Amino acid sequence: MKKLRSALCLLALLLLIPAVLRARRILPLDTRPLVAEKYAGWTGVLNLWVYEGWPCGSASGWLNRCLSDFEKAHPGVYIQPQFVDAGAIASMNDSGILPPDMLLFPPDLLPTPRGLAPLPAPRHLRPALRRCGEWKGEIYAVPVAMSGYLWARNADRIDAIPEDWRDADAVLSVPTPQAWRRWDAALLALCSGQYTPDDPDRPGQASPSPPPEVALGLAGETTPSPTPSPEPQRGAALSRHLPRHFQFDGEAWRRFVNGEADATLVTQKEIRQLEALSEAGKGPRWQLSPGDSAFTDQLLSLAIVDRPAAAPRQALCGEFLAWLLSDECQSTLCRASLFAVTDIPSGYGASEPLAILDAALRDPGLRTPRIFDGQWTARAEDIVRKFMSDAGEAPALWARFGEYLAKKPND
């Protein structure tokens, strides 16, 4: 009986062979559509490299909040941020290390977008920022956060920023330019307008909302209502000049805080420090005001690494970029003391000092360097040197510099 059952099983298997051969001819052998379907809803870890040396503040708290909300909206997807140095990003294509899926970095860190994927034109960016990441007609990086520059003055020493430093009995101390905080270009921008003698209204400084100056440093101080001024005498417009023998000062911040300087330039980083000093009852009684023209090199931009074999991952990276530009993320940049790159408010109250900087950065004439332009800092040094030596008038020099910044790279 046992031998009979074995023989019947063997016969059944033999009879299945023709059916298997027929099914092989009928069923598709190409499994690629099945693989594509399997990975269409890819889940896993996306790696984000963040440049660790940006001196303009920390975006980590804001970024982590945006990451968390994105992951909640995309179950199974995780974004792993890793802070890396300039060398890691610069050698991304040649080091042999598996490159990340995305980069978050400032201008002038990469000379070209080699290894990055072209991106759709960012619709939500303000017009002044839409071409920052352009290279040969394609967009390869998109700003997602920014900061900028303002005047800060010691209100106990001077009543206003002088129209012309050359003739003013005031001490100007400006920090030495550094990477991603080009105080030289910012100084030229803030001094790039003209004025008429005895004219209290500085051309190019329409009062933003909030008011163009905020006085802080003394508890309980109130700002008096402005007194109407008589009609100013009109004359020929004059350019502004720096103090004679002006030089940048590596101790500028210390001199201003200690009351040795009447005015300096500040970013959001110094403004937060001034607020902390005031809360502790220390430091000068300070006020902030915008300058003649708006400029910033303080941009954090997102780029997607070009990995053709990882199309689902790149699609998710594109969704993450869109999320960083969404109102939900841009409106909370105040948590990092940074500012929106879209038209949405950054989250500052009208009476906060950083609201002045937020308003200044929304100037339609804002100038920024290209993200992939390694030559702009040298051009800034050359032009500002002429300003310092009176070899050119500030408005003309600023116009020349602005034309350079507006040029399309490598066209």
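Residues numbered from 1 in each chain as written. Predicted model: local features only at pLDDT ≥ 70, side-chain atom pairs only at ≥ 80, totals over all residues. Heavy atoms only, no water.

Caption draft 1: Spotlight on the overall build of the chain. Across its full length, the chain carries 12 helices and 13 strands. Per-residue burial for the chain yields a buried fraction of 47% across its 411 residues. Taking the intrachain contacts of the chain between residues at least 6 apart in sequence as the baseline, contacts between residues at least 24 apart amount to 78%. (Helix = DSSP H or I, 4+ residues; strand = E, 2+ residues; numbered from the N terminus. Buried < 20%, exposed > 50% of the residue type's maximum accessible area, 1.4 Å probe, protein only. Contact = heavy atoms within 4.5 Å.)

Caption draft 2: Spatial organisation of helix H3 (residues 60–73). With 14 residues, H3 should cover 20 Å at 1.5 Å per step; its first-to-last C-alpha distance of 20 Å lies within 8% of that length. Here H3 has its buried residues at Trp-62, Leu-63, Cys-66, Leu-67 and Phe-70. Down the axis of H3, the sector holding all buried residues measures 135°, keeping them to one side. Residues of H3 that are exposed and angled more than 90 degrees away from the buried face: Gly-61 and Lys-72. (Expected span 1.5 Å × (residues − 1). Arc of directions from axis to C-beta.)

Caption draft 3: The arrangement of the sheet that holds strand S1 (residues 44–51) in detail. The sheet built from five strands is open, its strands ordered S2-S1-S3-S13-S6 with mixed pairing. Strand pairing shows two members of the sheet lacking a second neighbour, strand S2 (77–84) and strand S6 (142–146), which therefore form its edges. Averaged over neighbouring strand pairs, the angle between their axes works out to 25° when direction is ignored. Of the pairings in the sheet, the one linking S6 to strand S13 (residues 299–304) comprises four bridges and is antiparallel in character. Bridge assignment links Ala-145 to a residue of S13, and that residue is Leu-300. (Pairing = 2+ DSSP bridges. Axes fitted to C-alpha atoms, helices over the stretch in contact; angles between N-to-C directions.)

Caption draft 4: Structural context of the pattern of salt bridges. Within this structure, the stated rule accounts for 21 salt bridges. A salt bridge links Arg-362 to Asp-358; the nearest nitrogen and oxygen atoms lie 3.2 Å apart. Here the salt bridges do not stand alone but share partners, grouping Asp-249, Glu-251, Arg-254, Arg-255 and Glu-260 into one network. (Salt bridge = Lys/Arg side-chain N within 4 Å of Asp/Glu carboxyl O.)

Caption draft 5: Structural context of helix H10 (residues 354–361). For H10, the tally of buried residues reaches seven of eight residues, placing the bulk of the element in the interior. All of the buried residues along H10 are Leu-354, Ala-355, Ile-356, Leu-357, Asp-358, Ala-360 and Leu-361.

Caption draft 6: Local environment of the pairing of S2. Pairing analysis gives eight bridges linking S1 to S2, with the strands arranged parallel. Along S2, the bridge assignment pairs Tyr-51 with Val-84. Assessed by its sense of winding, the connection that carries the chain from S1 through H3 to S2 is right-handed. (Right-handed = clockwise from strand over helix to strand, strands pointing away.)

Caption draft 7: Representation of unusual backbone geometry within the structure. Even without being glycine, Asp-108 reaches a positive phi, approximately 70°. Along the chain, the position of Asp-108 falls in the loop between strand S3 (102–105) and strand S4 (134–135). Given a relative accessible area of 28%, Asp-108 falls into the partly exposed group. The backbone of His-245 shows a phi angle near 60°, a positive value even though the residue is not glycine.

Caption draft 8: Representation of the pairing of S13 within the structure. For S13, the buried fraction is high: six of the six residues fall into the buried class. Here S3 runs beside S13; their pairing, made up of four bridges, is antiparallel. Across the sheet, the residue bridging to Leu-103 is Ala-303, located in S13.

Caption draft 9: Spotlight on the nonpolar core. Within the largest apolar cluster, 77 residues are counted, with the highest numbers of intra-cluster contacts made by Trp-62, Phe-105 and Phe-320. Residue contributions to this core peak at six residues, all from H10. Formed by 32 residues, the second largest nonpolar core is a distinct cluster that contains Ala-380, Leu-397, Trp-398 and Phe-401. (Core = buried A, V, L, I, M, F, W, Y, C linked by side-chain atoms within 4.5 Å.)

Caption draft 10: Spatial organisation of the packing of helix H5 (residues 183–190) against helix H11 (residues 376–388). Where H5 meets H11, the axes come as close as 9 Å, and the angle between the chain directions of the two elements is 50°. Comparing their axes, H11 and H5 come out oblique. Once H5 is placed against H11, the crossing between them reads as left-handed. Packed against H5, whose contacting residues are Asp-184, Ala-185 and Leu-188, the element H11 presents Trp-376, Ala-380, Glu-381, Ile-383, Val-384 and Phe-387 at the interface. Broken down by class, the residue content of the contact of H5 with H11 amounts to seven nonpolar, no polar and two charged. (Parallel < 35°, antiparallel > 145°, perpendicular 65-115°, else oblique. Left-handed = near helix turned anticlockwise from the far one by under 90°. Nonpolar A, V, L, I, M, F, W, Y, C, P; charged D, E, K, R; others polar.)

Caption draft 11: Representation of the confidence of the model for the chain in the model. Averaged over all residues, the pLDDT of the chain equals 85, while 79% of them reach at least 70. Confidence over residues 23–40 falls short of pLDDT 50; this stretch has one contact with residues more than four positions distant or in other chains. In the model, residues 202–212 has pLDDT below 50 throughout and makes 27 contacts with residues more than four positions away in sequence or in other chains. (pLDDT = per-residue confidence, 0-100.)

Caption draft 12: View of the packing of aromatic side chains. What the rule picks out here adds up to 13 aromatic pairs. A centroid spacing of 6.4 Å and a plane angle of 90° characterise the contact between Phe-295 and Trp-398, whose relative ring orientation is edge-to-face. Residue Phe-295 is found in the loop between strand S12 (286–289) and S13, and its partner Trp-398 is found in helix H12 (residues 394–406); the two are separated by 103 residues along the sequence. Each member of the aromatic cluster is reached from another via a ring pair, and the members are Tyr-149, Trp-183, Phe-295, Trp-376, Trp-398 and Phe-401. (Phe/Tyr/Trp six-rings, centres within 6.5 Å; stacked < 30°, edge-to-face > 60°.)

Caption draft 13: Expanded view of the packing of H3 against helix H8 (residues 311–324). Contact pair H3 / H8: the axes reach a minimum separation of 11 Å and the direction vectors enclose 125°. Classified by the angle between their axes, H3 and H8 sit oblique to one another. In the crossing of H3 with H8, the sense of the turn from one axis to the other is right-handed. Counting all contacts with H3, which are made through Trp-62, Leu-63, Cys-66, Leu-67, Asp-69 and Phe-70, the residues of H8 involved are Leu-316, Glu-319, Phe-320, Trp-323 and Leu-324. Class assignment of the residues belonging to the contact of H3 with H8 gives a composition of nine nonpolar, no polar and two charged.

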